[in-house]
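Residues per chain are reported as follows:
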Amino acid sequence: MHPFTPTHTAATPTLKTPSFHLPLRPGSGSISSPTRLNVYRLDSYNLPSLNGSATAVTSRADWQSSCAILASNVISSEKKNKQYDQQQQEQLQQSRDQDEGNGAVGSSKLTKINGHGSSSSSSLDLIPVSEINGGNLPKPLTSDLSPAPMHGSSLRVAYQGVPGAYSEAAAGKAYPGCEAIPCDQFEVAFQAVELWIADRAVMPVENSLGGSIHRNYDLLLRHRLHIVGEVQLPVNHCLLALPGVRIEYLNRVISHPQALAQCEHTLTKLGLNVAREAVDDTAGAAEYVAANGLRDTAAIASARAAELYGMQILADGIQDDSSNVTRFIMLAREPIIPRTDRPFKTSIVFAHDKGTSVLFKVLSAFAFRNISLTKIESRPHRNRPIRLVDDANVGTAKHFEYMFYIDFEASMAETRAQNALAEVQEFTSFLRVLGSYPIDMSPWTCPSKGEQ
C-alpha cells in the first residue's frame with residue numbers, strides 16, 4: 001500500500017485540529033475577521049474549488065489535480081502582475097520622454113501625480129519649509145566632532161559652579177556663543193553629557209600654582225567620555241565684599257581651596273589675618289556672601305562674579321603669582337578624528353598587575369621615539385590599592401598600587417604614536433586612550449603686578 005493512500009473511506013468523519021490565526025498582509029484589503037488556517041488529517045483534504053467554495057478531496061488523484069489547479073492559478077497571477085509592472089514602467093518612461101521633449105524639467109506642472117494622470121493645467125502648490133510654522137521646526141540633536149577648540153556656537157556646555165565661575169569663562173573661550181549649563185558638582189557635569197542634557201563638558205584638570213585637580217582625573221576613568229580639546233585660562237582673583245564694606249571690618253574670607261592657596265601670601269600682606277574657609281567654588285562664595293548679606297565676610301572670585309552679584313572689588317589681582325593659569329579639557333560622547341596638520345596632544349591612562357616597576361619601560365617607549373611628555377600623574381588604584389608580597393625571609397611587604405595618567409605631544413594619526421602605544425601595551429595590564437585632541441595654541445597674556 002502507498003504510504004499516502006487513504007486508509008478510510010469518504011464517509012469517515014473529518015477530524016479537525018485546532019485552528020490558528022494568521023495576520024493580514026499589509027495592503028491586502030479590509031477583512032472583517034482574521035484569516036483562519038485549518039489543519040486536517042491526511043485522509044480528507046479540504047481545498048478551495050474554482051468557484052471559491054470548499055470541496056472534499058478523498059482520493060490521491062483528486063488531491064493532485066487540485067494542487068495542479070492552485071499552482072496554475074498562482075503562475076497566472078504572477079504573469080499578470082509582471083505584465084502590469086511592465087506596463088507601469090513603460091508609461092513612466094513615456095511620461096519622462098514627454099517631459100524632456102517639452103522642456104518641462106523643473107516645471108511645477110506634472111503629468112503624473114501619485115501615479116494618476118493629470119491635465120496639463122494641474123500643478124502642485126509646494127510650500128517652502130521655511131514658511132511652515134514660521135520656520136521654527138524642531139532640530140535633532142547633533143554630535144559635532146570638529147576638532148577646532150574655537151568651534152561650536154550653538155553647543156550646550158556643562159561646567160561645575162554657578163554663573164561667574166572660571167569654568168564658565170573657560171566654556172565661553174572654548175566654545176564662543178555656547179549655552180553654558182551650570183552644575184553643582186563635577187560628576188553632574190559628566191552625567192549631563194552622558195545623558196544628552198549637554199553636548200560638551202569643560203573640566204579643570206590642573207593649575208600652574210595649585211597643581212592637579214585629582215577629582216576630575218578619577219572621574220575620567222569612571223566615565224566613558226572622550227577628551228576632544230583643551231583650553232588654558234589665565235586666572236585673575238579679586239577680593240570681593242558687599243558695597244560699603246572696608247577691609248579692616250572683615251573677619252573671614254571664603255573661596256575655593258585652590259583660590260585660597262593661590263592668594264595666601266597676598267592676603268597676609270593686606271593684613272587679613274582672619275579665618276579662611278573653603279567652599280565648593282569661587283563664584284559660589286560670592287553668591288553666598290551676597291545672598292546672606294554678610295558684611296564681615298569677603299570672597300575670592302572673578303570680576304564677573306562681582307558684577308553678577310552686586311559686590312565691590314576691594315583688591316584686584318591678589319594671586320601670589322601673576323602666571324596663574326588653569327588648564328581645562330573639553331569632553332564629548334564621541335572622540336574626534338586625529339589629524340596631523342596641527343599640533344595634537346594625546347592622553348592615556350594605564351596600570352600593571354606587578355606594580356610600578358613597569359613605569360621606566362613605558363617612559364622609554366616615548367623617549368626612544370622622541371615624543372615629549374607634558375604631564376604625568378599617579379592616582380591610587382581603587383580596585384586594588386595595596387599589593388601584598390610575601391617573602392619567607394623578611395615577611396610580607398605592602399606596596400601601593402597606582403594608575404598612571406600621561407599626556408604626550410603627538411597625534412594618534414602619527415605612526416610613532418601608534419608604535420609607542422603598541423609597545424606600552426606589551427608592558428601593561430590596562431591601557432586606555434582618553435583622547436587625542438588639538439593643543440590650545442591661542443595667545444594669552446598674564447597681567448603684571450603693575451597692571452593689577
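Residues numbered from 1 in each chain as written. Predicted model: local features only at pLDDT ≥ 70, side-chain atom pairs only at ≥ 80, totals over all residues. Heavy atoms only, no water.

Undergrad: Quick question: what am I supposed to make of the overall build of the chain here?
TA: Secondary structure summary: the chain contains 10 helices and 23 strands in total. Within the span of the chain, comprising 452 residues, buried residues form 35% of the whole. Counting every atom, the chain has about 26,400 Å² of accessible surface; 54% of that belongs to carbon and sulfur. (Helix = DSSP H or I, 4+ residues; strand = E, 2+ residues; numbered from the N terminus. Buried < 20%, exposed > 50% of the residue type's maximum accessible area, 1.4 Å probe, protein only. Areas by Shrake-Rupley, 256 points an atom, 1.4 Å probe, with all protein chains shown as cover.)

Undergrad: When you look at the sheet that holds strand β22 (residues 402–408) in this model, what are you seeing that I'm missing?
TA: By definition, the strands of a sheet pair up through backbone hydrogen bonds, in either a parallel or an antiparallel sense. Reading across from one edge, β19-β22-β18-β23 is the order of the four strands in this open sheet, with antiparallel pairing throughout. The sheet is open, and its two edges are formed by β19 (373–380) and β23 (430–438), each paired on a single side. Averaged over all adjacent pairs, the angle separating strand axes in this sheet is 15 degrees, with direction ignored. Alignment of β19 against β22, held across seven bridges, turns out to be antiparallel. Pairing of I376 across the sheet is with I406, part of β22. Packing of helix α4 (residues 214–222) onto the sheet brings it into contact with β18 (344–351), β19, β22 and β23, and relative to β19 it is tilted by some 85 degrees. (Pairing = 2+ DSSP bridges. Axes fitted to C-alpha atoms, helices over the stretch in contact; angles between N-to-C directions. Contact = heavy atoms within 4.5 Å.)

Undergrad: What should I look at first to understand the nonpolar core in this one?
TA: A general trend in soluble globular proteins is that nonpolar side chains are found buried together. With 44 residues, the main nonpolar core has Y175, V202 and L331 as its most contacted residues. By size, the runner-up hydrophobic cluster in this structure holds 32 residues, among which are L272, A298, A301 and M311. (Core = buried A, V, L, I, M, F, W, Y, C linked by side-chain atoms within 4.5 Å.)

Undergrad: Any chance you could explain the pattern of salt bridges here in plain terms?
TA: Taken as a whole and judged by the stated rule, the model has 17 salt bridges. Measuring nitrogen to oxygen at the nearest pair gives 2.6 Å for the salt bridge that ties E248 to R246. Assessed through its relative accessible area of 48%, R246 is described here as partly exposed. The salt bridge partner of E423 is R369, with a shortest N-O separation of 2.8 Å. Pair noted here: E423 is in helix α10 (residues 415–427) and R369 is in the loop between α9 (359–367) and β19, with a separation of 54 residues, a long-range link. By relative accessible area, E423 is classed as partly exposed at 21%. Each member of the salt-bridge network shares a partner with another, and the members are E206, E230, R327, K345, K375, E377 and D407. (Salt bridge = Lys/Arg side-chain N within 4 Å of Asp/Glu carboxyl O.)

Undergrad: Hey, could you run me through the environment of D407 in this one?
TA: Its location among the elements puts D407 in strand β22. C-alpha separation for the pair D407 and V349, spaced 58 residues apart in sequence, amounts to 9.0 Å. With sequence-adjacent residues up to four places away left out, D407 is seen in contact with R327, K345, T346, S347, S372, L373, T374, K375 and Y437. Within the structure, the side chain of D407 is placed 2.6 Å from the side chain of S347, a separation counted as a polar contact. (Polar contact = N/O pair within 3.5 Å; in protein donor to acceptor, adjacent residues only side chain to side chain.)

Undergrad: Any chance you could explain the side chain of R379 here in plain terms?
TA: With respect to the element layout, R379 can be found in strand β19. Of the residues examined, R379 reaches a relative accessible area of 15% and is grouped as buried. At 2.9 Å, the side chain of R379 and the side chain of D218 are in polar contact. Filtering out sequence-adjacent residues up to four positions away, R379 remains in contact with H214, Y217, D218, E401, Y402, M403 and Y405.

Undergrad: How should the sheet that holds strand β16 (residues 312–316) be read in this particular structure?
TA: Spatial ordering of the open sheet is given by β14-β13-β15-β12-β16, a layout of five strands whose pairing is mixed. What marks the edges here is a single partner per strand, and that holds for β14 (275–278) and β16. With direction set aside, neighbouring strand axes in the sheet form an average angle of 30 degrees. Across three bridges, strand β13 (residues 252–255) lies against strand β15 (residues 297–301) in parallel orientation. Directly across from V253, in β15, lies its bridge partner A298. Docked against the sheet, helix α7 (residues 282–292) engages β12 (238–241), β13 and β15, running at close to 150 degrees with respect to β15.

Undergrad: Could you clarify how one ought to interpret the packing of aromatic side chains in this entry?
TA: To describe a pair of aromatic rings, you give the distance between the ring centres and the angle between the ring planes. Taken as a whole, this structure holds three aromatic pairs when the rule is applied. Relative to F404, the ring of F350 has its centre 5.6 Å away and its plane inclined at 25 degrees; by these criteria the two rings are stacked. Here F404 lies in strand β22 and F350 lies in strand β18, a separation of 54 residues in the sequence. The two residues F350 and F404 agree in class, both being buried. Centre to centre, the rings of F366 and F408 are 4.8 Å apart; their planes meet at 40 degrees, and the pair counts as tilted. Taken together, the residues F366 in helix α9 and F408 in strand β22 connect sequence positions 42 residues apart. For the pair F366 and F408, one class covers both residues: buried. Over the aromatic face of W196 sits the side chain of R333, whose NZ or CZ is 3.6 Å from the ring centroid. (Phe/Tyr/Trp six-rings, centres within 6.5 Å; stacked < 30°, edge-to-face > 60°. Lys NZ or Arg CZ within 6 Å of the ring centre and 35° of its normal.)

Undergrad: Is there a simple way to think about the packing of α9 against α10 in this case?
TA: Axes are the key here: two packed helices are described by the angle between their axes and the distance separating the axes. Interhelical geometry of α9 versus α10 gives an angle of 170 degrees and a closest axis separation of 9 Å. As the angle between them shows, α9 and α10 are arranged roughly antiparallel. Here K361, V362, A365 and F366 of α9 lie close against α10, whose contacting residues are A420, L421, E423, V424 and F427. By residue class, the composition of the contact of α9 with α10 is seven nonpolar, no polar and two charged. (Parallel < 35°, antiparallel > 145°, perpendicular 65-115°, else oblique. Nonpolar A, V, L, I, M, F, W, Y, C, P; charged D, E, K, R; others polar.)

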